[in-house]
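Given next are the chains, with one letter for each unit.
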Amino acid sequence: MTMTKEAIQTLSLLAVDAVNQANSGHPGMPMGAAAMGYALFADHLRFSPSDPKWPGRDRFILSAGHGSMLQYGLLHLFGYDLTLDDLRNFRQLHSKTPGHPEYGHTDGVETTTGPLGQGFANSVGFAMAQKRAEAVAGELFRHKTYVICSDGDLMEGISYEAASIAGHLKLSNLIVLYDSNSITIDGGTDLSFSESIKERFEAQHWRWMRIEDGHDPQKISEAIEEAKSSDRPTLIEVRTTIGKGSAKEGTSATHGAPLGAEEAQAIKDRWELDPKETFVVRDELREYLQGIIDKKEMEAAEWKKAFHELPNKKEIEEFFGAELPENILEKLLERAGTDKATRAHGGEMLQGIKEYLPNLFGGSADLAGSNLSTLKGEDFFSAETPAAPNVHYGIREHAMAAITNGISLYGGFKPFAATFLSFADYMKPSLRLASLMKIPLVHIFTHDSLGVGEDGPTHQPIEQLVMLRSIPGFTLYRPADGKETAVAYAQAFSGKGPAAVVLTRQTLPELPIDVEKANLGGYIVRKEKGDQPELILMASGSELHLALFAAKELEEEIDVRVVSMLSMDVFETQSAEYKEEVLPQAVRARFAIEAASPLSWHRYIGLDGQCHCMDQFGASAPGGELFEHFGFTTDNIIEEIRSYMEKK
Ligand SMILES: Cc1ncc(C[n+]2csc(CCOP(=O)(O)OP(=O)(O)O)c2C)c(N)n1
Ligand SMILES: [Mg+2]
């Protein structure tokens, strides 16, 4: 038996054994795709197991994340820090081998996958980042992004969006191996998936290739070689049999359940393998693979030497390592201006950020003029202008969010994306993954409330703030004026995780903001006169001025403290003492104003508090009229506060 064949069988059996051991997992995909995984890793993928983050590496994304044991098997065989014991611990608490590949848990895992379609779309971000890196830093950064995806990945809508922009941008460095096995969980793809993949991808300006025997590593390797010199992204449809080698091969029964010890043994018998233990990697195979690994390590070492000798090495490192300076807030405040829409302040802040971050990379989903998210004086990223930082994402919010994740994961860039807040719903799965991965990126969501006006309730966000605030690790800012917008941008673009800045369409007045306090997320904007307030009035963004006006008018009747919640997420990270200082437990009279769902506020107003929020959809009318109609006026707020205080 050849070493190649042995390696492929070993990969298959490691998956069978690990899934049996865990009594949970997906053996079918790794068995069917073992040959393509091996051909890719052995013959093409450039990587350095001793330095998994080597910047010159090719990126590999297993979009069909349920086939995680294929990736773990490959990483183990190819010398990454992943032992046989790690494989034995598949799917166990704190193991390096979680159920689906998780970024940050396992060396060599470039992105978290599992929700189908996401990895495929991330890969477009990786490929865009590579193209720009090469344009900026030269041919040492000419590398590839490889993907293995499944039927499910290509059924998901996000793959249409992502493939469409990848083809448009001529991302020739993107090579996708499609594990085409005509099987999903519920049965054959004839149940629900019958379009021509060839015609679909060709129509999206991809190159399409097909391999009839997807278990022939030689054929796969040749196709990959050919794809490398394509002038477009390439999809190689690799026809495979799910669960290849099992008695149940070719059926969905192999997709997501252990095959069992008996069947594992039967496979080994069929393949005439000896010994008959589990988790076997023969020494001869290890030695053979070590030869391949050594060559890869040598290539990486040569790359590093060449990089070290580059005359512009320092500039390249500065470009990719650019961070905001300590005094960024001071700098941004110079741009804070007076009465403007916060989206206009945001546009200004972005230009201010750009002065320090040449590695910004982002754009809008066809709303650049409304989001004010274009980096002025800069070009738009395209096949002809690959060094440019602005991106025209087209109307593809979901792919935009997943691509933004990919750009962040590639490293060295500061990605951002922009659209209307109501369309954040289209992006949720990718926002959630960004948070799970704890990757830095910024979303700019404008048109954040009823203030949208005439476009009506479809475009007026209600529940989106709650949704974004509920994602663990995601930081949301809703600034009330220019100064708060400066704070939000300074923090969001220097943050270590994903953040969003939510901005108004409509003009807001300048407020008496103390930026030092605003940095704490939630803070006292207007202090009571006495030792203790009679009422705490809370608001964020466009409702903060209402709170301040109301407090002023009520001055003689009620001693009011006004608290701004620029960011509940940032406020929550403050000490218990500070939180008590801002929201003393003894003060139970609390009132919150926000032109959005009240759900976010209950933890702050408590059982005795009251909100003036939106627990219904808006309507189509001029924004100012809507604020009046839905009671977001100083007069109405004062009335409600009076009756609230009387009832208490
Ligand atoms: C967004 C999303 N929906 C549903 C699932 C659950 N799921 C996991 S694999 C799969 C489909 C399996 O078919 P395919 O993608 O062809 O993989 P194969 O069985 O061929 O390995 C589904 C529905 C998921 N992981 N992600
Ligand atoms: Mg399938």
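Definitions and limits used
- In this convention, every chain numbers its residues from 1, walking through the sequence in written order.
- Think of it this way: whatever chain is written first is A, whatever ligand is written first is 1, and the rest follow in order.
- Confidence filtering applies because this is a predicted model: local features only for residues at pLDDT of at least 70, side-chain atom pairs given and counted only at 80 or more, and all residues used for totals across whole chains, interfaces and linings.
- Water and hydrogen atoms were dropped before computing side-chain values, which therefore reflect all heavy atoms in the structure.
- A pair of strands counts as paired when DSSP detects no fewer than two bridges linking them.
- The way it works is that DSSP assigns letters per residue, a run of H or I at least four long becomes a helix, a run of E at least two long becomes a strand, and they are numbered from the N terminus.
- Inter-axis angles, ranging from 0 to 180 degrees, are taken between N-to-C directions of lines fitted to C-alpha atoms, where helices are fitted over the stretch in contact.
- Any pair of Phe, Tyr and Trp rings, taking the six-membered ring for Trp, is counted once the centres come within 6.5 Å. Such a pair is stacked with planes under 30 degrees apart, edge-to-face with planes over 60 apart, and tilted for the rest.
- In this scheme, a residue with accessible area under 20% of its type's maximum is buried, one over 50% is exposed, and one in between is partly exposed, where area comes from a 1.4 Å probe on protein chains only.
- What a helix is expected to span follows from its residue count: subtract one and scale by 1.5 Å.
- Buried and open spaces are told apart on a 1 Å grid over the protein atoms alone, a cavity being a set of points where a 1.4 Å probe fits but cannot get out and a pocket being an open set with protein on both sides within 12 Å along at least five of seven lines. Residues with an atom within 4 Å of a point are the lining residues.
- Grid points are joined across faces, edges and corners, and a volume is the space filled by probe spheres set on the points.
- Side-chain classes follow a simple rule in which Ala, Val, Leu, Ile, Met, Phe, Trp, Tyr, Cys and Pro form the nonpolar group, Asp, Glu, Lys and Arg form the charged group, and the remainder, Gly included, forms the polar group.
- In a left-handed crossing the near helix is turned counterclockwise from the far helix by less than a right angle, and in a right-handed crossing that turn is clockwise.
- Here, two residues are considered to be in contact whenever any of their heavy atoms come within 4.5 Å of each other.
- Put simply, angles under 35 degrees are roughly parallel, angles over 145 are roughly antiparallel, angles from 65 to 115 are roughly perpendicular, and the rest are oblique.
- As used here, the term nonpolar core means buried Ala, Val, Leu, Ile, Met, Phe, Trp, Tyr and Cys residues forming a set that is joined through side-chain atoms within 4.5 Å.
- Any nitrogen, oxygen or sulfur atom within 2.8 Å of a metal ion counts as a donor, with the limit raised to 3.2 Å for Na, K and Ca, and since water is left out, coordination shells can look unfinished.

This brings us to the sheet that holds strand 6 (residues 207-211). Taking strand neighbours across the sheet as the criterion, the 5 strands line up as 1-2-3-7-6 in an open arrangement whose pairing is parallel. One side of each edge strand has no neighbouring strand; the edge strands of this open sheet are strand 1 (59-62) and strand 6. Neighbouring strand axes in the sheet, compared pairwise and without regard to direction, differ in orientation by 15 degrees on average. The pairing of strand 3 (residues 174-180) with strand 7 (residues 234-239) spans 6 bridges and is classified as parallel.

Scanning the model with the defined rule gives 30 aromatic pairs in all. On the numbers, 5.9 Å between centres and 90 degrees between planes, the contact of phenylalanine 47 with phenylalanine 78 is edge-to-face. Here phenylalanine 47, found in the loop between helix 2 (28-43) and strand 1, pairs with phenylalanine 78, found in the loop between helix 3 (68-77) and helix 4 (84-88); they are 31 residues apart in sequence, far enough to count as distant. For the pair formed by phenylalanine 47 and phenylalanine 78, the shared burial category is buried.

Let us now look at helix 5 (residues 118-137). If you check helix 5, its first and last C-alpha atoms are 28 Å apart, about what 20 residues at 1.5 Å a residue would give, namely 28 Å. Along helix 5, 16 of the 20 residues are buried, which leaves the element largely enclosed by surrounding structure. The positive-phi residue at the C-terminal boundary of helix 5 is glycine 138, with phi of around 95 degrees.

Once that is clear, we can look at the pairing of strand 16 (residues 522-526). In terms of burial, strand 16 is a largely internal element, 5 of the 5 residues being buried. By the bridge criterion, 4 bridges tie strand 16 to strand 18 (residues 560-565) in an arrangement that is antiparallel. Directly across from isoleucine 524, in strand 18, lies its bridge partner valine 563.

Looking now at empty space enclosed by the protein. Counted according to the given criterion, the structure contains 1 cavity of 30 Å³ or more. Of the pockets and cavities examined, the largest cavity occupies roughly 60 Å³. Looking at the lining of the largest cavity residue by residue, the class counts come to 6 nonpolar, 1 polar and 3 charged.

With that settled, consider the packing of helix 5 against helix 12 (residues 313-320). In contact at an axis separation of 10 Å, helix 5 and helix 12 are set at 145 degrees when each is read in the N-to-C sense. You can see that helix 5 and helix 12 cross each other, and the crossing is right-handed. Contacts from Arg132, Ala133, Val136 and Ala137 in helix 5 reach Ile316, Phe319 and Phe320 in helix 12.

We now examine the packing of helix 2 against helix 11 (residues 283-308). The angle between the axes and the distance between the axes are what describe a pair of packed helices. At a minimum axis distance of 9 Å, the contact between helix 2 and helix 11 shows a crossing angle of 50 degrees. In terms of axis orientation, helix 2 runs oblique to helix 11. For the pair helix 2 and helix 11, contact is made by Tyr38, Phe41, Ala42 and Asp43 and by Tyr288, Leu289, Ile292 and Lys296, respectively.

Core analysis: the largest hydrophobic core is formed by 82 residues, its most contacted members being Tyr489 and Phe493. Those residues in contact with phenylalanine 493 that sit more than four places away from it in its chain are Leu324, Leu350, Ile353, Leu357, Leu360, Lys414, Phe416 and Val442. Counting residues in each nonpolar core, the second largest holds 72 residues, with Leu154, Phe413, Phe445 and Val502 among its members.

Let's shift gears to the coordination of the magnesium ion (ligand 2). Taken together, Asp151 (OD), Asn181 (OD1) and Ile183 (O) make up the full set of protein donors to the magnesium ion (ligand 2), lying 2.1 Å away. Along the chain, the residues that donate to the magnesium ion (ligand 2) are spaced as D-x29-N-x1-I. Here asparagine 181 matches isoleucine 183 in class, with each residue buried.

Strand order in the open sheet formed by 5 strands is 16-18-17-19-20, and the pairing between neighbours is mixed. Only two strands of the sheet have a single neighbouring strand rather than two, namely strand 16 and strand 20 (610-612). With strand direction ignored, the average angle separating the axes of adjacent strands in the sheet is 25 degrees. Seen against the sheet, helix 21 (residues 544-553) touches strand 16, strand 17 (535-539), strand 18 and strand 19 (590-593) and runs at an angle of roughly 175 degrees to strand 18. With respect to the sheet, helix 26 (residues 634-647) is in contact with strand 17, strand 19 and strand 20, its orientation differing from that of strand 20 by roughly 170 degrees.

It is worth stressing that arrangement in space is one thing and function is another; only the former is reported here.
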